[in-house]
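# Fold and contact review
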Amino acid sequence: MNGDETVYTHGHDESVLRNHRWRTAENSAGYLLPHLRAGMTLLDVGCGPGTITADLAGLVAPGVVTAVEVNDEALSLARNEFAKRGVPNVLTVVSDVHALDFPDDSFDVVHAHQVLQHVGDPVQALREMKRVCRPGGIVAARDADYGTFTWFPPTPELDEWLTLYNSIARANGGEPDAGRRLRGWAHEAGLADVVNTASTWCFSSDEDREWWGVSWADRSLQSHYADRALELGLATVADLERIAAGWRSWVREDDGWFALLHSEILCRV
């Protein structure tokens, strides 16, 4: 991710990390897993708290995974995860996806999960991912598409939340509807062999609704996203409190259901 041109919408507050640490290679990179094998070198761009990265490291061991974040503060979250799990085959590097600090043809696989929606120039990011990938290797990316988010029952506060999120993300220099654009961005970046698929997350059980809805209720009040809403004048404290209450009301709906679509690209270099 680019720290100069964009502002990371979610931030790294505990309310956000609770959500992001739920992510695993299985639930977030399933499209890539059949293509991994032991001994591969892999670059994980925008690794976040490192839960997906640690899983990928286990799958390619004894190959080495290099985890990248835009600054040392963000990367420290992943380092803590790797230390907690005792993952031996991960290197950590501070770098900007728009200008990666690696030679050409350095990695067998270059991966990014929920990154391109937040960067200032996703096409340049993909060009860099392609540049550092070896011939015959794989560039892989997965991003949500907020325009596909849907839920039941109708909840006006969630409509308000989605409108607000889109406004903040775009004001921050990102593109919340990145999923539908991945294929086009890949072609523009010079990636010709592109397989484009889609997958979903769905939250409907009592446990899943609680986890997803309470996470967003908390994030609506205490997160960088909430701070930016106020800073940009896009919402008031009363607005954020109303949205948070709407999320908690949705959680209590026995028939509550929330689904969202992700787009995935698997590109042979």
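Everything in this summary refers to the structure shown in the same document. No experiment lies behind these values; they were computed from the predicted model shown.

Quick notes on the rules
- Residues numbered from 1 in each chain as written.
- Predicted model: local features only at pLDDT ≥ 70, side-chain atom pairs only at ≥ 80, totals over all residues.
- Heavy atoms only, no water.
- Salt bridge = Lys/Arg side-chain N within 4 Å of Asp/Glu carboxyl O.
- Helix = DSSP H or I, 4+ residues; strand = E, 2+ residues; numbered from the N terminus.
- Expected span 1.5 Å × (residues − 1).
- Buried < 20%, exposed > 50% of the residue type's maximum accessible area, 1.4 Å probe, protein only.
- Contact = heavy atoms within 4.5 Å.
- Disulfide = S-S within 2.5 Å.

Time to look at the pattern of salt bridges. By the definition in use, this model includes 18 salt bridges. In this structure, the salt-bridge partner of aspartate 145 is arginine 180, at a minimum N-O distance of 2.6 Å. Separated by 35 residues along the polypeptide, aspartate 145 in the loop between strand S5 (133–144) and strand S6 (150–152) and arginine 180 in the loop between helix H6 (156–171) and helix H7 (182–188) bring together distant segments of the chain. By sharing partners, the salt bridges in this structure join Asp145, Arg170, Glu175, Asp177, Arg180 and Arg181 into a single network.

Taking 1.5 Å of rise per residue, 16 residues should cover 22 Å, and H6 covers 23 Å from first to last C-alpha, within 8% of that figure. Along H6, the residues that are buried comprise Leu158, Trp161, Leu162, Leu164, Tyr165, Asn166, Ile168 and Ala169. Contact partners of the buried residues in H6: S6, helix H8 (206–219), helix H9 (224–231), helix H10 (237–251) and strand S8 (257–268). Looking one or two residues past H6, glycine 173 carries a phi angle of roughly 95 degrees, positive in sign.

Moving on, we come to the state of the cysteines. Considering all chains together, one arrives at 0 disulfides under this definition. Free cysteine: cysteine 133, not disulfide-bonded; nearest cysteine sulfur from cysteine 267 at 9.3 Å. The buried category is assigned to cysteine 133, whose relative accessible area is 1%.

For glutamate 210, the location among the structural elements is in helix H8. We classify glutamate 210 as partly exposed; its relative accessible area is 43%. Spatially, the C-alpha atom of glutamate 210 lies 22 Å from that of histidine 224, the residues being 14 residues apart in sequence. With residues up to four places along the chain from it excluded, the contact list for glutamate 210 reads Ser215 and Val251.

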